[in-house]
Amino acid sequence: MKRFTVRLCLFIAFASVFYIITILIFGTLIPSSLAKNFDDFGGLGFTSRRMSEAAKVNGVDVIIIGSSHAYRGYDPRIFKKEGLSVFNLGSSSQSPLQTKYLVEKYIKNLKPKFVIVDIYPILFGVDGLESQIDLISSGLMDKDIVKMSFEINNIRLYNSLIFGAFNNTFHLRKQKKLDKKGDTYIPGGYVQSYESLKFKKVRFTQKISVSALQLGAFKKMLAELRHRNIKYIIVQAPFSKSNYNSYTNNDEIDRLFSGLGEYYNFNKILNLPDNMYYDDSHLNQFGVNIYNAKLIDTLKRSGILNTVAGLKPTDCVTNYQALNDK
């Protein structure tokens, strides 16, 4: 029995080393299209650049957190005109699990007075795999990333975790550029695009599901903000009407988030034409100009931002062409 145990331990050790070496070879030399259960190693949406910048920032008025709706939807230059310094911590397909992680990681050095929590409700029903791989491939690696990866529990994620641990130290593979044509990174975490792409005007109807794991992580993140006496609002940025109307339980989702804090669904506040969208899920720069102006105006009128930068109410901006001509 003792001999068997020793041999089993040796086999496990050999198999583990062989597996790790195989992952390193795949990650370094073989494209993901030819390797099942392994992803191209490169961050989407300038995640690596954004997180690198976030680590160097020392104090801002406002941080924005959420998915690509966040980093494509809130322009720091517009907020700056109102006397507000902003940093955008959005990342591609960011689920509440990753939102909680990023808030806990960067809240100390960013020291925000106020947080805009951008939600894309469909991401409350995902496992968080895509966003987790995006963060790992962008260079983020610590005990909390490892712990969260075990919660998600996916072989592709474990492979990315192994390769990421070695790649961050030995730089085995340069990060692949996965950013889209026409995208421009703006300091403060924002991604600008003037593209207006064709997209589906008719979509299959579906119901938004909310997992207990993701909702629990979201509530813990909000509790952390309250513990630090940081004010926040929960916001749905507008996306195309065809996309929004394809979800059958939008009112139910509104009731859920209204119970978690100050909440605004700008799909019901703004009615933007299709040419103000990058695709059926994201605003382009023309749409961002309108949305940000309306959001700031709404927050001024409600008094939410008054304690942040002494802001005063202004008239609502309704002339789309006049704003975008500036």
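Residues numbered from 1 in each chain as written. Predicted model: local features only at pLDDT ≥ 70, side-chain atom pairs only at ≥ 80, totals over all residues. Heavy atoms only, no water.

Engineer: Outline the packing of aromatic side chains, supporting the account with residue identities and numerical values.
Structural biologist: Per the stated rule, a full pass over the model turns up 11 aromatic pairs. Arranged with centres 5.0 Å apart and planes meeting at 70°, the rings of Phe124 and Phe257 form a pair that is edge-to-face. Linking Phe124 in the loop between strand S3 (114-118) and helix H6 (129-137) with Phe257 in helix H11 (residues 250-258), this pair joins segments that are 133 residues apart in sequence. For Phe124, a relative accessible area of 3% gives the class buried. Between Tyr194 and Phe286, the aromatic rings sit 5.2 Å apart at their centres with planes inclined by 70°, giving edge-to-face as the arrangement. Separated by 92 residues along the polypeptide, Tyr194 in the loop between strand S5 (190-192) and helix H9 (212-227) and Phe286 in helix H12 (residues 285-302) bring together distant segments of the chain. Using a relative accessible area of 46% as the deciding quantity, one classes Tyr194 as partly exposed. Three or more aromatic residues link up through ring pairs in this structure, and these residues are Tyr74, Tyr264, Phe266 and Tyr291. Here Arg50 stacks its cationic end above the ring of Tyr71, 4.4 Å away from the centre of that ring. If you follow Arg72 out to its NZ or CZ, it ends over the ring of Tyr278, 4.6 Å from the centre. (Phe/Tyr/Trp six-rings, centres within 6.5 Å; stacked < 30°, edge-to-face > 60°. Helix = DSSP H or I, 4+ residues; strand = E, 2+ residues; numbered from the N terminus. Buried < 20%, exposed > 50% of the residue type's maximum accessible area, 1.4 Å probe, protein only. Lys NZ or Arg CZ within 6 Å of the ring centre and 35° of its normal.)

Engineer: I'd like a rundown of the pairing of S3, residues and numbers included.
Structural biologist: A large share of S3 lies buried, amounting to 5 of its 5 residues. In terms of strand pairing, strand S1 (residues 62-65) meets S3 through 4 bridges, oriented parallel. Each bridged residue has a counterpart across the sheet, and for Ile63 the counterpart in S3 is Val115. Direction of pairing for S3 relative to strand S6 (residues 231-236): parallel, over a ladder of 5 bridges. In the strand pairing of S6, Phe114 is matched with Lys231. (Pairing = 2+ DSSP bridges.)

Engineer: If you had to explain H11 to someone new, which residues and values would you point to?
Structural biologist: Taken together, the buried positions of H11 are Asn250, Ile253, Asp254 and Phe257. Taken end-on, H11 shows its buried residues confined to a sector of 105°, consistent with a single buried face. (Arc of directions from axis to C-beta.)

Engineer: Account for unusual backbone geometry, with residues named and values stated.
Structural biologist: Phi at Ser93 takes a positive value of approximately 55°, unusual for a residue other than glycine. With respect to the secondary-structure elements, Ser93 resides in the loop between strand S2 (86-88) and helix H5 (96-110). By relative accessible area, which is 21% here, Ser93 ends up partly exposed. Phi at Lys111 takes a positive value of approximately 45°, unusual for a residue other than glycine. Position of Lys111 relative to the elements: it lies in the loop between H5 and S3.

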